[in-house]
Amino acid sequence: MKAKLIDDSRVIMSDVMMPQHANPAGNVHGGEIMKFMDTAAGVVARRHARTNVVTARVDELRFLYPTHVGDVVTCYGQLTFVGKSSMEIAVKVTVEDLSKSEQAKTALTALFTIISLDESGNPQPVPPLEIRTEEERRLFEEGNRRYLAYKQQKNNHN
């Protein structure tokens, strides 16, 4: 299987938060943004694997800045690590209030683990990553450490 670049699957998605995304006070529900993040991570995974995919885990979800009705929310997703059938995708969300001339602020970050599935719903291998920069190598090694720690933890509970 031919290796792919991180840039081949990277995604940027934006949406305007509307009243149906929020509570009566205009604060956007965290679950709405988490769903948007999951969609962005799924696009990255499908671009890489070109298969059906499923979210297996979300780690290090951090809410850093509030989001309100009318704000533009942008998700940035990219692969950080690829295992045999699993892919780790880092997703960062920024929020921008278009009524102000301020830069967008980081609102949320998370790491999604997504599994590639065959037609029967079983895990299937994905292409490896071709690492090109020191930053990509650092992110891959960090993702590999998380992957190995999760596998070890899983084995300890069985």
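Please refer to the structure placed before this passage.
The notes below deal with the structure included here.

## As for the overall build of the protein chain
Then, in step 1: Regarding its fold elements, the protein chain presents 2 helices and 5 strands.
Then, in step 2: Along the chain direction, N to C, the helices and strands of the protein chain fall in the order β-α-β-β-β-β-α.
Then, in step 3: In terms of overall size, the protein chain behaves like a compact globule, its C-alpha atoms giving a radius of gyration of 17 Å where 158 residues would be expected to give roughly 15 Å.
Then, in step 4: Expressed as lengths along the three principal axes of its C-alpha atoms, the size of the protein chain is roughly 50 × 35 × 30 Å.
Then, in step 5: Each of the 158 residues in the protein chain was classed as buried or not, and the buried ones make up 37%.
Then, in step 6: In the protein chain, of all internal contacts separated by at least 6 residues, the share reaching a separation of at least 24 is 71%.
Then, in step 7: Surface accessibility of the protein chain: about 9200 Å² in total, with carbon and sulfur atoms responsible for 50%.

## Here we look at the packing of aromatic side chains
Aromatic ring pairs are described here by two measures, namely the spacing of the ring centres and the angle between the planes.
Then, in step 1: Under the definition given, this model contains 2 aromatic pairs.
Then, in step 2: Relative to Phe140, the ring of Phe81 lies with its centre 4.9 Å away and its plane at 45°, an arrangement referred to as tilted. Note that Phe81 is positioned in strand β3 (residues 72–82) and Phe140 in helix α2 (residues 134–157), a separation of 59 residues in sequence.
Then, in step 3: Between Phe81 and Tyr147 the ring centres are 5.2 Å apart and the planes differ by 40°, which places this aromatic pair in the tilted class. Of this pair, Phe81 sits in strand β3 while Tyr147 sits in helix α2, and the two are 66 residues apart along the sequence.

## Some points on the nonpolar core
Here is a general trend for soluble globular proteins: nonpolar side chains tend to be buried in one another's company.
Then, in step 1: Within the largest apolar cluster, 31 residues are counted, with the highest numbers of intra-cluster contacts made by Met37, Met87, Ile89, Val91, Val93 and Ile114.
Then, in step 2: Mapped by element, the contributors of at least two residues to this core are β1 (11–16), α1 (30–49), β3, β4 (86–96) and β5 (105–117).
Then, in step 3: In terms of residue count, α1 provides more of this core than any other element does, 8 residues in total.

## Re the environment of Val16
Then, in step 1: Position of Val16 among the secondary structure elements: in strand β1.
Then, in step 2: Sequence-wise, Val16 and Asn27 are 11 residues apart; in three dimensions their C-alpha atoms are separated by 13 Å.
Then, in step 3: What Val16 contacts, discounting residues up to four positions off in sequence, is His21, Gly70, Asp71 and Val72.

## Details of the pattern of salt bridges
Then, in step 1: Using the criterion set out here, one finds 9 salt bridges in the structure.
Then, in step 2: A salt bridge links Arg132 to Glu130; its shortest N-O distance comes to 3.1 Å.
Then, in step 3: Residues participating in the shared-partner salt-bridge network are Glu135, Arg138 and Glu142.

## A closer look at the sheet that holds β1
Then, in step 1: Read across the sheet, 5 strands follow the order β1-β3-β4-β5-β2 without closing on themselves; strand pairing throughout is antiparallel. Edge positions in the sheet fall to β1 and β2 (52–63), since each of these pairs with one other strand and no more. Strand-to-strand, the axes of this sheet are offset by a mean angle of 25°, without reference to chain direction.
Then, in step 2: Taken together, the 10 bridges between β4 and β5 define a ladder with antiparallel strand orientation. Its bridge partner being in β5, Lys92 is matched across the sheet by Thr109.

About the thresholds
Residues numbered from 1 in each chain as written. Predicted model: local features only at pLDDT ≥ 70, side-chain atom pairs only at ≥ 80, totals over all residues. Heavy atoms only, no water. Helix = DSSP H or I, 4+ residues; strand = E, 2+ residues; numbered from the N terminus. Rg over C-alpha atoms; globule rule 2.2 N^0.38 Å. Buried < 20%, exposed > 50% of the residue type's maximum accessible area, 1.4 Å probe, protein only. Contact = heavy atoms within 4.5 Å. Areas by Shrake-Rupley, 256 points an atom, 1.4 Å probe, with all protein chains shown as cover. Phe/Tyr/Trp six-rings, centres within 6.5 Å; stacked < 30°, edge-to-face > 60°. Core = buried A, V, L, I, M, F, W, Y, C linked by side-chain atoms within 4.5 Å. Salt bridge = Lys/Arg side-chain N within 4 Å of Asp/Glu carboxyl O. Pairing = 2+ DSSP bridges. Axes fitted to C-alpha atoms, helices over the stretch in contact; angles between N-to-C directions.

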